[in-house]
Amino acid sequence: MISKHISASKQTFFQIENKACTATIYLQGAHLTHWQPKHTALPVIWLSDNAIFEQGTAIRGGIPLCWPWFGDKEGDTTHGFARNFDWELIDATSNEDIDELKFVLKSSETTKTLCPFDFELTAVYKLGKELAIELTTENTGESSFEITQAIHTYFYVQDVLKTYIDGLDGRQYIDKTDHLAMKTHHGRFDFKKEQNAIFSSQGVLELIDESVGRKIVVDKSADSYETVVWNPWIERSKNMIDMPDDGYKTMVCIEAGNIGKGAVNILPNQKVKLAQYIAVNH
Ligand code: TA6
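Caption draft 1: Main features of the sheet that holds strand β22 (residues 271–280). Read across the sheet, 9 strands follow the order β6-β7-β8-β9-β22-β18-β17-β12-β15 without closing on themselves; strand pairing throughout is antiparallel. Of all strands in the sheet, those with a lone pairing partner are β6 (88–94) and β15 (189–190), marking the two edges. In the sheet, strand β18 (residues 214–220) pairs with β22 via 5 bridges, with the strands oriented antiparallel. Its bridge partner being in β22, Ile 216 is matched across the sheet by Val 280.

So, in structure tokens, the structure goes:
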């Protein structure tokens, strides 16, 4: 079942409940702020207790869709503008144990002040025992353009110090906490300090939360060449007004992306899909 709501700050959001899960998605950014399968006792997606719900302000936590650029761009907002705009819900189907919602953001005079190209961007959420997020860019113009992008998922963990990621052994990464140094990772990936790593990785990862014995399997589309792993740690959490000082203790971002080398060039009429798939073992 899908129900539509308007928040006190006049933002539109949808609540989803079926036999397998509950979820919430805001129209701004087609931004998922909650998804929890009924077979797991704890949240899967982390949302900041200090998240700001105001039109035009990106929501801290959930699943920001970073598009048409990832990261900083001089004079522009971080991670693109798609997460700051209201999208349109164009399709919704409900079944007993899965709901599917499709949102669209189309180029307009306003988006053209931020980037010049014609596009149609769709986000499809398949919400059930598992979660699929599919972000498709269509070039509706007459010349090709290039984008970088990410599905910037914030995962909830009970205790970050007892959390690690499997699946990154032997992978190269750019260490954004160390002057963009190129490094190779060995073994499991722990969280004992600030982490901001852009991995060259197309593979499936496992997020292990030892304190509750939970494993979250994070897969993605094959042509996502980068996976970002982020935890802001102590000082950066303190510096973010929309994050509690101890927010870093219960979150980890694993992001499916096309960033840097993996930037995508899209020809007229071409469609390019980036997807992330999430499953929780209990
Ligand atoms: O993906 C990691 C990152 O790019 C970090 O560098 C950090 O700034 C984060 O995203 C959050 O960005 P935001 O613009 O949402 O504050």
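Next comes the rest of the description.
Caption draft 2: Expanded view of the pattern of salt bridges. Taken as a whole and assessed by the stated rule, the structure comprises 14 salt bridges. Taking the shortest distance from any N to any O, the salt bridge between Glu 17 and Lys 38 comes out at 2.6 Å. Of this pair, Glu 17 sits in strand β2 (residues 12–17) while Lys 38 sits in the loop between β4 (31–37) and β5 (65–66); the two residues are 21 residues apart in sequence, bridging distant segments of the chain. In this structure Lys 38 comes out as partly exposed when scored by relative accessible area, which is 43%. Of the charged contacts in the structure, one is a salt bridge between Lys 273 and Glu 134, with a shortest N-O distance of 3.9 Å. Of this pair, Lys 273 sits in strand β22 while Glu 134 sits in strand β9 (residues 131–139), and the two are 139 residues apart along the sequence.

Caption draft 3: Layout of the pairing of strand β17 (residues 205–209). Of all the 5 residues making up β17, 4 are buried; the element is thus mostly covered by neighbouring parts of the structure. Direction of pairing for strand β12 (residues 163–166) relative to β17: antiparallel, over a ladder of 4 bridges. Within β17, the residue paired with Tyr 164 across the bridge is Ile 208. Note that β17 and β18 share 5 bridges and pair antiparallel. Residue Asp 209 lies in a different strand from β18, and its bridge partner there is Arg 214. Two successive antiparallel strands, β17 and β18, enclose a turn made up of 4 residues, where Gly 213 displays a positive phi of approximately 65°.

Caption draft 4: Seen up close, the site of the ligand. Around the ligand, the neighbouring residues are Arg 60, Phe 70, Thr 78, His 79, Arg 83, His 152, Asn 196, Val 228, Trp 230 and Glu 255. The contact in question runs from an oxygen atom of the ligand to an N or O atom on the side chain of His 79, over 2.9 Å. Interatomic distance of 2.8 Å between a side-chain N/O atom of Arg 83 and an oxygen atom of the ligand. Considering the ligand on its own, with 390 Å² of exposed area, one finds that the protein chains cover 81% of that surface. For the shell around the ligand, the per-class residue count stands at 3 nonpolar, 4 polar and 3 charged.

Caption draft 5: Inspection of the sheet that holds strand β3 (residues 21–26) at higher detail. Taken in spatial order, the 4 strands of this open sheet run β1-β2-β3-β4, and their pairing is antiparallel. One side of each edge strand has no neighbouring strand; the edge strands of this open sheet are β1 (2–6) and β4. Here the average twist between neighbouring strands, direction ignored, is 15°. As defined by bridge partners, β1 adjoins β2 across 5 bridges and the pair is classed as antiparallel. Following the sheet pairing, Ile 2 is matched in β2 by Ile 16.

Caption draft 6: Just the side chain of Asn 139, in detail. Secondary-structure assignment places Asn 139 in strand β9. On the basis of relative accessibility, which here comes to 0%, the residue Asn 139 falls in the buried class. Residues contacting Asn 139, with those up to four places away along its chain left out, are Asp 118, Ser 144, Phe 145, Ile 266, Leu 267, Pro 268, Asn 269 and Gln 270.

Caption draft 7: Seen up close, the packing of aromatic side chains. All chains considered together, the criterion is met by 18 aromatic pairs. Ring geometry for Phe 103 and Tyr 125: centres 6.3 Å apart, planes at 80°, overall edge-to-face. One end of the pair, Phe 103, is in strand β7 (residues 99–106); the other, Tyr 125, is in strand β8 (residues 119–127), with 22 residues separating them in the sequence. The exposure class assigned to Tyr 125 is buried, which follows from its relative accessible area of 0%. Relative to Phe 145, the ring of Phe 117 has its centre 3.7 Å away and its plane inclined at 10°; by these criteria the two rings are stacked. Taken together, the residues span a long stretch of sequence, with Phe 117 in the loop between α1 (109–112) and β8 and Phe 145 in strand β10 (residues 145–147) at a distance of 28 residues. We note that Phe 117, like Phe 145, is buried. Joined through ring pairs, the aromatic side chains of Trp 67, Trp 69, Phe 81, Phe 85, Phe 117, Phe 119 and Phe 145 make up one cluster. Between the NZ or CZ atom of Lys 73 and the centre of the ring of Trp 69, over which it lies, the distance is 4.0 Å. We note Arg 188 situated over the ring of Tyr 164; from NZ or CZ to the ring centre the distance is 3.9 Å.

So, how was this worked out
- Residues numbered from 1 in each chain as written.
- Predicted model: local features only at pLDDT ≥ 70, side-chain atom pairs only at ≥ 80, totals over all residues.
- Heavy atoms only, no water.
- Pairing = 2+ DSSP bridges.
- Helix = DSSP H or I, 4+ residues; strand = E, 2+ residues; numbered from the N terminus.
- Salt bridge = Lys/Arg side-chain N within 4 Å of Asp/Glu carboxyl O.
- Buried < 20%, exposed > 50% of the residue type's maximum accessible area, 1.4 Å probe, protein only.
- Near = heavy atom within 4 Å.
- Polar contact = N/O pair within 3.5 Å; in protein donor to acceptor, adjacent residues only side chain to side chain.
- Areas by Shrake-Rupley, 256 points an atom, 1.4 Å probe, with all protein chains shown as cover.
- Nonpolar A, V, L, I, M, F, W, Y, C, P; charged D, E, K, R; others polar.
- Axes fitted to C-alpha atoms, helices over the stretch in contact; angles between N-to-C directions.
- Contact = heavy atoms within 4.5 Å.
- Phe/Tyr/Trp six-rings, centres within 6.5 Å; stacked < 30°, edge-to-face > 60°.
- Lys NZ or Arg CZ within 6 Å of the ring centre and 35° of its normal.

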